[in-house]
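Listed below are the residues making up each chain.
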Amino acid sequence: MSGVAIALSKGRILDETLPLLARAGIVPSEDPETSRKLVLGTNRPGVTLVMLRAQDVPTYVQYGAADAGVAGKDVLLEHGGEGLYQPLDLGIGACRLVVATRRGFDWAGSVQRGARIRVASKYVNVAREHFAAKGVHVDLIKLYGSMELAPLCGLADAIVDLVSTGNTLRANDLVAVEDILPITSRLIVNPASLKLKRDGVQPLIDALGAAVEAGEAA
Ligand code: PRP
């Protein structure tokens, strides 16, 4: 059997991904959170973990540089999902994608008046689709992080960002004014890898599926 590479990203999702992988029988040979290595071996011969920026996970899997990966629905929507098989909702990394403004900003009024609204986000494609579907005209500003700062500094009237506990919004005196969609992390698979390395990739999908079900039942 040829090797199977699984693309993961560091951070919050990894904390939930590692126990799931462990339940599926895959344990990294060293801690990916602290290791400086970008390719890690596992207890399973031929199974490696490649550590990427979250936004790059779909790209590596799309081009077959990794056979499978774990990516948030937010990242997948922004990427477009082209050339990716998405067999499993892993149920981890649950959060919501929302529109948020400074507390006291008249969002509904601005939308109603057709005011020129500036929205900053890392998720400009998702934001564009969301507002277009509602017939709301916005000017989008692409950011790469710390979106919450944009309304505070006057860069934008609103942001499109992820909310989990709501602590970051509260700490910066922002409020969610629209829900866009709930987010969880998905297993993504390169379709050619599934065909050509079925004996390695299909058992991974099955084992992770069983691990998710066992977690849900617990
Ligand atoms: C996300 C998001 C918010 C924060 C929300 O950032 O962009 O800033 O989490 O979480 P909370 O509602 O629990 O406070 P993340 O920490 O994933 O890092 P990022 O800025 O790189 O996206």
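Please read all numbers here as calculations on a predicted model, not as lab measurements.

## Focus on the layout of surface pockets
Next up, step 1: Approximately 820 Å³ is the volume attributed to the largest pocket.
Next up, step 2: Contributing elements (two or more residues each) for the lining of the largest pocket: α1 (12-23), β4 (68-72), α3 (73-79), β9 (158-163) and α7 (167-171).
Next up, step 3: Looking at the lining of the largest pocket, its residues break down into 16 nonpolar, 13 polar and 8 charged.

## Let's talk about the sheet that holds strand β10 (residues 174-183)
Next up, step 1: The strand order across the open sheet built from 5 strands is β8-β7-β9-β6-β10, with neighbouring strands paired in mixed fashion. Of all strands in the sheet, those bounded by a partner on one side alone are β8 (138-142) and β10. Along the sheet, successive strands turn relative to each other by an average axial angle of 30 degrees, direction set aside.
Next up, step 2: By the bridge criterion, 3 bridges tie strand β7 (residues 117-121) to β9 in an arrangement that is parallel. Pairing of Val119 across the sheet is with Ala158, part of β9.

## Description of the site of the ligand
Next up, step 1: Surrounding the ligand, one finds Arg12, Lys122, Glu148, Asp161, Leu162, Val163, Ser164, Thr165, Gly166, Asn167 and Thr168.
Next up, step 2: Contact distances for the ligand include 2.5 Å between an oxygen atom and a side-chain N or O atom of Arg12.
Next up, step 3: Separating an oxygen atom of the ligand from a side-chain N or O atom of Thr168 is a distance of 2.4 Å.
Next up, step 4: Protein burial of the ligand: of its 500 Å² of free accessible surface, 67% is covered by the chains.
Next up, step 5: With respect to the pocket detection grid, the ligand is positioned in the largest pocket.

## Some points on the pairing of strand β1 (residues 4-9)
For a regular strand, the rule is simple: side chains alternate between the two faces of the sheet.
Next up, step 1: Across the 6 residues that make up β1, a large majority, 6, are buried.
Next up, step 2: What you see with β1 is no split at all: Val4, Ile6 and Leu8 on one side and Ala5, Ala7 and Ser9 on the other are buried throughout.
Next up, step 3: Where β1 and strand β3 (residues 47-52) come together, 6 bridges link them in parallel fashion. Note on β3: the bridge partner recorded for Val4 is Val47.
Next up, step 4: Where β1 and β4 come together, 2 bridges link them in parallel fashion. Bridging across to β4, Ile6 finds its partner in Ala68.

Parameters and conventions
Residues numbered from 1 in each chain as written. Predicted model: local features only at pLDDT ≥ 70, side-chain atom pairs only at ≥ 80, totals over all residues. Heavy atoms only, no water. 1 Å grid on protein atoms, 1.4 Å probe; cavity = no way out; pocket = protein on both sides within 12 Å on 5 of 7 lines; lining within 4 Å. Points joined across faces, edges and corners; volume = space filled by probe spheres on them. Helix = DSSP H or I, 4+ residues; strand = E, 2+ residues; numbered from the N terminus. Nonpolar A, V, L, I, M, F, W, Y, C, P; charged D, E, K, R; others polar. Pairing = 2+ DSSP bridges. Axes fitted to C-alpha atoms, helices over the stretch in contact; angles between N-to-C directions. Near = heavy atom within 4 Å. Polar contact = N/O pair within 3.5 Å; in protein donor to acceptor, adjacent residues only side chain to side chain. Areas by Shrake-Rupley, 256 points an atom, 1.4 Å probe, with all protein chains shown as cover. Sits in = over half its atoms within 2 Å of the grid points. Buried < 20%, exposed > 50% of the residue type's maximum accessible area, 1.4 Å probe, protein only.

Shape descriptors only; they carry no functional weight alone.
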